[in-house]
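A structural walkthrough
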Amino acid sequence: MVHHSVPFLTLIVLIPAAGAGILGLLGLDRRLPREVPYAVALVASLATLGFAIAATVAMRVNDGGFQLVSNHDYTGTTLGVRWYLGVDGISIFLVLMTAILFPLAIILGRHRQNARVYLAWILLLEAAVMGSFVSLDLIVFFFMFELTLVPAYFIIAGWGHQRRAYAAIKFFLYTFLGSAFLLVGILALAFIHESQFGYLTFSLGDLMRTHLSSSTEILLFLAFTAAFAVKAPLFPLHTWSPDAYTEAPEEGSVLLAGVLAKIGTYGIIRFDLTLFPQATRTLAPLFLTLAVIGIIYGAIVACAQRDMKRLVAYSSLAQIGFIALGTIAISTQGLAGGVLLMVNHGLIVAALFILIGFLYQRRGTWQTGEMRGLQKAAPVLAGVFTVAMLASIGVPGLNGFVSEFLVLSGTFITHRWWAVVAVVGVIVAAVYLLWAYQQVFHGAPREADTKTHDLALLERCIMAPLIILIVFLGVYPKPVLDRINPSVQQLVAHVESSTGHAQPPVATKGVEGIK
Amino acid sequence: VIATLLATATTTTTTAASHASSDTIAVPPIRWLAILPPIIMIGGAVVLLGVASLVRRPLRIAVSTVSTVAISGAALGIAIWQWTDVQDHGAHTYIANAVVMDGFSVFVTMLVAIAMLLSALVADGYLRREGVEGAEFHVLAMVSASGAMLMAMANDLIIVFLGLEILSIALYVLTAFNYRRAASGEAALKYFILGGFSSAIFVYGIALTYGATGSTNLTQISDFLSRNLVLSNGLLLAGLALLIVGFAFKVAAVPFHMWTPDVYQGAPSPVTGFMAAVAKAGAFAAMLRVLFSSFGVVTTDWRPILYGLAVLSLVLGAFVALRQRDVKRMLAYSSINHAGFILLGVVAGTTRGASAALYYLFAYMLMTIGSFAVVTVLGRLGDGDHDLSRYRGLAGRQPVLALAFAVLLLAQAGMPFTTGLWAKLQVVFAVVVAGYVPLGVIAMVTAVVAGYFYLRVAVLMYAGGGLGEPEGGAGGSAELSADTTMVAGGLIRAAEPVGAPAAGGSGDVAGDGWTSATPGAVSGAVSTLNEQILLEDEADATEVAGEDESDKASPLGAEPVPVLTSVAIGICTGVTVLFGVWPQPLIDFANHATLLFLPH
């Protein structure tokens, strides 16, 4: 662990929070020009992005441990909670992705009703998400994890579509119920640790050393995973997600599917694998099966959707299934692929939801049946959509392929048959996305379709970073994988030493290992 | 060392007392500092009452408010002095072991003094609005507060009873204070009759305990039980059970909660906030002390009872609150749920549990007084307008008030970085450490249910029209007329593009096959809840649409927020958030208070 002079991570959490606070206080001035809240929000989110980039640069490449650590007393010794933040190769790119997506969401949401409050909620959400990704103290993590709910809830309930109240309350109750188990799990784990080591702490590194009987470990694993599986969402706890993604405003969908969902899968990697490696291995067949069901089920249901937002929501379920597959299979490739897929899926799903939002602005609908032949009138829109869609399918040369390939090959090494079934999901993904694309962009345009105008300059600027990253990460993922791999290897080594069960040598040595 | 010293001191005083009792009644040495806060409260009340009856015209409200604030401030100051004294000289019992001055009693004394101060600020606006003059309200409240302080410092069951009665009798009268409302009188009568019963049961419990142990002094009961093994313990257990019934009634734990919804709803709103905070604090303080110090030896006997009380309170409080349309009734059931949470700390039976319960009481005091202050403001003249619909679109009319209320409600639900979640965290941790993991799980699940009804109010405030309005400050918001807000709300609704194919009816819950097809309790529960929400939303839509012209003279204007009330709400919200973000001082304070917990 390396201490750094600039508290990057604390700033990354506090800047958006401060921005939200300032936006809240601006409400006292009633004659405020509309541009001021927007400027404040944009500056805060861009400053966060700046610090996120700086943190990435400041990190050392070949170090798998936690870096840029800040560790301070928070509640005193009575409760033992510490303000303990740190990043490693697994979390830094999630931080970076979050920092990229939030300014885009803020630009997109600048014209909403009551924009000041809306942007304040978005910034608060950013602070909470960042906090979730960098907290290494379980209680601080839990607080951040819970805090994401409040702004997300108000964003859906306040600015959503037709059935927003229903979607918002469903989202809230599912996630809140999951985290109730998480809290009790955290407290029980800390208590067991205290009884063994004689001091109370919630720090990840200390709790890792707790000795757990296998039944206790499985119960704790289930308590933790309940929260993460709802948040991700994993089949069968996903039923809130199509509603929430569909009814949320477009920026809300981007953030929910692109960023918030990743907290769930991140939690599985960071906490389940680290704290309960034995239980993860024991229950792996169950969770792998659920992941595969999610992949197949999500893909099939997506085929039946005529509503583009729901389609992307279900395709998201399938993608989350892939992430879970790579994570729980516990092999170096699978885990690295899972981490990379989290970032890639965040970028792709954000691009898709933003594009659907653009279509909705033009046409007031996202039903595939009501649009036809848009590529004549809006060629750039169609082109950008094609890239995002192909990336989601997993076409080589775009980022989706790299991560899906790693996930499937990693899973194949340790849990062969699950990987074999999961491949079907890749094929079906091509079916539903191409169908949807065909219906909307191909064919003879009707009158309304020919009047649909193309992407404006600002809209192109919003899409540009996403498309560039999608292509770049597809062509040259090495810089990212170089930073992910040491951390992943360290985590896999930890799991192997705790379970006494090593992955096949082929996973680490390649073809050499087979001989 | 302190314990041994105390034990010797106790035996010497008792022998001295028994020698002296043969001829004259010996006056024990009095340590005035130990009993100064309740003396200030009750003395201040008497002086205020005297002045009020001597002056020719009814006393102006400002005078009563200022004197009450000054008196509670003085009590708070004395409590701080006590705190330093306890820090320097340790905890001791005084006045023939009848009262105790330790960190625990000082903490609760401070809590009660702060609650009194805040309630006086809230009551000021209420009394002005209702046109009540005179000092009766403040006098009664201060007497009641002194009772709660006495309960916290009692080291003798008789003193506990004394405190309980002083607390309760003043509260009975306060409940009936709004004599223009029949509900107020009805609530007072219910409270009085049931409270009278519970007091009688409590006294009977004292008598049986005395019969079983030969003393009413908490230290001596504890000594007796640790020195002797009571073989036929029927009398002792009966006494203990009756004491628990008496406490459970005061803290409104199920199944002794029947009075709570009616009384909370019927009592004037500032009184409800005061009652919820102070009666709970006093009763829980006495309960913790009696159970922990006197009956600490027989923990296995009382713990299952409290376990049951906690589960019932948690579950019933949360689920019944779901069905309430009246905000005061809803908060009453939520207070039952909170009582269940605080009981977790008692069930744990450890120092950690006691400290968690203290923290919870402090956090709850601020949240509940703040919430009822908002309810008071929105109750309007007559204090009878507490339907949920009253809160629809509040954010558009009074954004700052709505924000404060939302924060207070979310804090009660357990939002991160508020004292509410730290409080829940600590009590749940205490029971988990004590080995009752299932109880912790039950508590957190009920917290989720409770989260729903708190959010429902928050949704109504924010989602019900008015969102299009630019937000204004507290002062400016009053200028926003209801009509413009409503019209604007209607326009926004109309302008909202109709997107989904299910647009035909927002009640089309089953339109999404996946939702209804998925089995599972959560899904089922969610859909029923959803129907409710949707109905509300639909009603909301029609109401807003219809209101464009028909309700020009809409009564839903912005309620003026009296300055002192807004100060009180501001303090409650601010402290709730401040100690949520910066938790160390309050957690350490509560913990410190419990470490200096006598006798042990």
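Notes on the structure in this doc start here. (Residues numbered from 1 in each chain as written. Chains lettered and ligands numbered in written order. Predicted model: local features only at pLDDT ≥ 70, side-chain atom pairs only at ≥ 80, totals over all residues. Heavy atoms only, no water.)

**Here's the deal with the overall build of chain A**
The helix and strand tally for chain A stands at 22 helices and two strands. The globule rule puts the C-alpha radius of gyration for 515 residues at 24 Å, and the 22 Å found for chain A is close to it. In terms of principal-axis extent, the alpha carbons of chain A reach across some 70 × 65 × 40 Å. Here chain A, with 515 residues, has 67% of them falling under the buried criterion. When contacts within chain A are restricted to residue pairs at least 6 apart in sequence, long-range pairs at least 24 apart make up 80% of them. In the form shown here, chain A has an accessible surface area of approximately 16,200 Å², with 68% of it arising from carbon and sulfur atoms. Across chain A, the mean location of the 31 positive side-chain charges is 6 Å away from that of the 26 negative side-chain charges. (Helix = DSSP H or I, 4+ residues; strand = E, 2+ residues; numbered from the N terminus. Rg over C-alpha atoms; globule rule 2.2 N^0.38 Å. Buried < 20%, exposed > 50% of the residue type's maximum accessible area, 1.4 Å probe, protein only. Contact = heavy atoms within 4.5 Å. Areas by Shrake-Rupley, 256 points an atom, 1.4 Å probe, with all protein chains shown as cover. Lys, Arg positive; Asp, Glu negative; His and termini not counted. Charge placed at Lys NZ, Arg CZ, Asp CG, Glu CD.)

**Regarding the packing of aromatic side chains**
The tally for this structure, following the rule as stated, stands at 48 aromatic pairs over all chains. Measuring from centroid to centroid gives 4.7 Å for Trp121 of chain A and Phe154 of chain A, while their planes differ by 0°, and the two rings are stacked. A residue pair is termed long-range when its members are at least 10 positions apart, and Trp121 of chain A in helix H4 (residues 115-134) and Phe154 of chain A in helix H6 (residues 149-159) qualify at 33 residues. Here Trp121 of chain A and Phe154 of chain A have matching classes, each one buried. Here Phe143 of chain A and Trp422 of chain B contribute two aromatic rings whose centre-to-centre distance is 4.4 Å and whose plane-to-plane angle is 35°, an arrangement assigned as tilted. Of this pair, Phe143 of chain A sits in helix H5 (residues 138-147) while Trp422 of chain B is found in helix H17 (residues 419-433), placing the two residues in two different chains. Residue class for Trp422 of chain B comes out buried when judged on its relative accessible area of 1%. Feature note: the residues Tyr172, Tyr191, Phe192, Phe249, Trp259, Tyr264 and Phe372 of chain B constitute an aromatic cluster, connected by ring pairs. One Lys or Arg, Lys231 of chain A, reaches over the ring of Phe145 of chain A and ends 4.9 Å from the middle of that ring. One residue, Lys424 of chain B, lies across the ring of Phe341 of chain B, its end atom 4.7 Å from the ring centre. (Phe/Tyr/Trp six-rings, centres within 6.5 Å; stacked < 30°, edge-to-face > 60°. Lys NZ or Arg CZ within 6 Å of the ring centre and 35° of its normal.)

**Remarks on the packing of helix H10 (residues 240-247) of chain A against helix H13 (residues 308-328) of chain A**
Residue and element names in this part refer to chain A. Two elements in contact, H10 and H13, have axes separated by 9 Å at closest approach and are oriented at 140°. Judged on the interaxial angle alone, H13 and H10 are oblique. Along this stretch, H10 crosses H13, giving a crossing that reads as right-handed. Across the interface between the two elements, Pro242, Asp243, Tyr245 and Thr246 of H10 pack against Lys309, Arg310, Ala313, Tyr314 and Ser316 of H13. Of the residues in the contact of H10 with H13, the class split is four nonpolar, two polar and three charged. (Axes fitted to C-alpha atoms, helices over the stretch in contact; angles between N-to-C directions. Parallel < 35°, antiparallel > 145°, perpendicular 65-115°, else oblique. Left-handed = near helix turned anticlockwise from the far one by under 90°. Nonpolar A, V, L, I, M, F, W, Y, C, P; charged D, E, K, R; others polar.)

**Topic: the pattern of salt bridges**
Residue and element names in this part refer to chain B. The final tally for this structure, using the stated rule, is 21 salt bridges over all chains. In this structure, the salt-bridge partner of Lys190 is Asp262, at a minimum N-O distance of 2.8 Å. Here the residue Lys190 occupies a position in helix H7 (residues 182-213), and Asp262 occupies one in helix H10 (residues 259-266), the gap between them amounting to 72 residues. Under the relative-accessibility criterion, Lys190 is labelled partly exposed at 29%. By relative accessible area, which is 24% here, Asp262 ends up partly exposed. Between Arg325 and Asp387 there is a salt bridge; the shortest N-O distance is 3.4 Å. With Arg325 in the loop between helix H12 (299-321) and helix H13 (327-348) and Asp387 in the loop between helix H14 (351-378) and helix H15 (394-397), this residue pair connects regions lying 62 residues apart in the sequence. (Salt bridge = Lys/Arg side-chain N within 4 Å of Asp/Glu carboxyl O.)

**Some points on the layout of surface pockets**
Computed from the structure, the largest pocket encloses a volume of approximately 1,400 Å³. In this structure, the largest pocket is lined by 42 residues; those nearest its centre are Ala17, Ala20, Gly21 and Leu124 of chain A together with Val577 of chain B. When contributions to the lining of the largest pocket are tallied by element, the ones reaching two or more residues are helix H1 (8-26), H4, H5 and H6 of chain A together with helix H16 (399-413) and helix H23 (563-581) of chain B. (1 Å grid on protein atoms, 1.4 Å probe; cavity = no way out; pocket = protein on both sides within 12 Å on 5 of 7 lines; lining within 4 Å. Points joined across faces, edges and corners; volume = space filled by probe spheres on them.)

**Remarks on empty space enclosed by the protein**
This structure, assessed with the given rule, holds 12 cavities of 30 Å³ or more. As a volume, the second largest cavity reaches approximately 70 Å³. If you go around the second largest cavity, the residues you meet are Glu146, Leu149, Val150, Phe172 and Phe176 of chain A together with Leu410, Ala413, Gly414, Met415 and Pro416 of chain B. Those elements that place two or more of their residues in the lining of the second largest cavity are H6 and helix H7 (164-197) of chain A together with H16 of chain B. In the lining of the second largest cavity, the residues fall into eight nonpolar, one polar and one charged.

**Digging into the environment of Leu403 of chain B**
Mapped onto the elements of the fold, Leu403 of chain B is located in helix H16. Along the backbone, Leu403 of chain B and Met461 of chain B are 58 residues apart, and their C-alpha atoms lie at a distance of 9.0 Å.

**Some points on unusual backbone geometry**
The residue after Ala232 of chain A, namely Pro233 of chain A, is reached through a cis peptide bond having omega -10°. If you trace the backbone, Pro233 of chain A turns up in the loop between helix H9 (214-231) and H10. With an omega dihedral of 0°, the bond running from Phe235 of chain A to Pro236 of chain A counts as a cis peptide bond. Here Pro236 of chain A shows up in the loop between H9 and H10. If you check the backbone angles, Ala252 of chain B has positive phi at about 60° while not being a glycine. By secondary structure assignment, the location of Ala252 of chain B is in the loop between helix H9 (234-251) and H10. Positioned with a positive phi, Phe417 of chain B is a non-glycine residue whose angle comes to about 60°. By secondary structure assignment, the location of Phe417 of chain B is in the loop between H16 and H17. Taking the relative accessible area as the measure of exposure, Phe417 of chain B reaches 13% and is therefore buried.

**Examining the packing of H13 of chain A against helix H14 (residues 332-363) of chain A**
Relative orientation and spacing of two packed helices are given, respectively, by the angle between their axes and the distance between those axes. Residue and element names in this part refer to chain A. Between H13 and H14, whose axes approach to 8 Å, the crossing angle comes to 175°. Considered as vectors, H13 and H14 are oriented roughly antiparallel to each other. Residues Met308, Lys309, Val312, Ala313, Ser316, Gln319, Ile320, Phe322, Ile323, Gly326 and Thr327 of H13 pack against Gly334, Leu335, Gly338, Leu341, Met342, His345, Val349, Leu352, Phe353, Ile356 and Leu359 of H14. Tallied by class, the residues present in the contact of H13 with H14 amount to 14 nonpolar, seven polar and one charged.

**Here's the deal with H6 of chain A**
Here H6 of chain A lies mainly inside the structure; 11 of its 11 residues are buried. Restricting attention to buried positions, one finds in H6 of chain A the residues Leu149, Val150, Pro151, Ala152, Tyr153, Phe154, Ile155, Ile156, Ala157, Gly158 and Trp159 of chain A.

**A short note on the environment of Gln82 of chain B**
Residue and element names in this part refer to chain B. With respect to the helices, strands and loops of the structure, Gln82 is situated in helix H3 (residues 61-89). We classify Gln82 as buried; its relative accessible area is 1%. Taking the C-alpha atoms as reference points, Gln82 and Phe295, 213 residues apart in sequence, are found 27 Å from one another. Among all residues touching Gln82, those that are not within four sequence positions of it are Leu33, Ala34, Pro37, Met101 and Val106.

**Concerning the environment of Arg34 of chain A**
All names here are of chain A. Turning to its location among the elements, Arg34 is positioned in the loop between H1 and helix H2 (35-58). Overall, the relative accessible area of 55% leaves Arg34 in the exposed class. Sequence spacing of Arg34 and Leu237 is 203 residues, and the spatial spacing of their C-alpha atoms is 40 Å. If sequence neighbours within four positions are ignored, Arg34 has contacts with Arg110, His111 and Arg112.

**Structural notes on the side chain of Thr225 of chain A**
Residue and element names in this part refer to chain A. Mapped onto the elements of the fold, Thr225 is located in helix H9. Judged by relative accessible area, Thr225 falls into the buried class, the value being 3%. In contact with Thr225, other than residues within four places in its own chain, are Asp272 and Phe287.

**Some details on a nonpolar patch on the surface**
All names here are of chain B. A cluster of nonpolar residues, Leu189, Phe192, Ile193, Leu194, Phe197 and Met258, forms a patch on the protein surface that exposes about 630 Å² of accessible area. With respect to the element layout, Met258 can be found in the loop between H9 and H10. For Met258, a relative accessible area of 57% translates into the label exposed. (Patch = residues over 30% accessible without salt bridge, like charges linked within 9 Å, V, L, I, M, F, W, Y side chains within 5 Å.)

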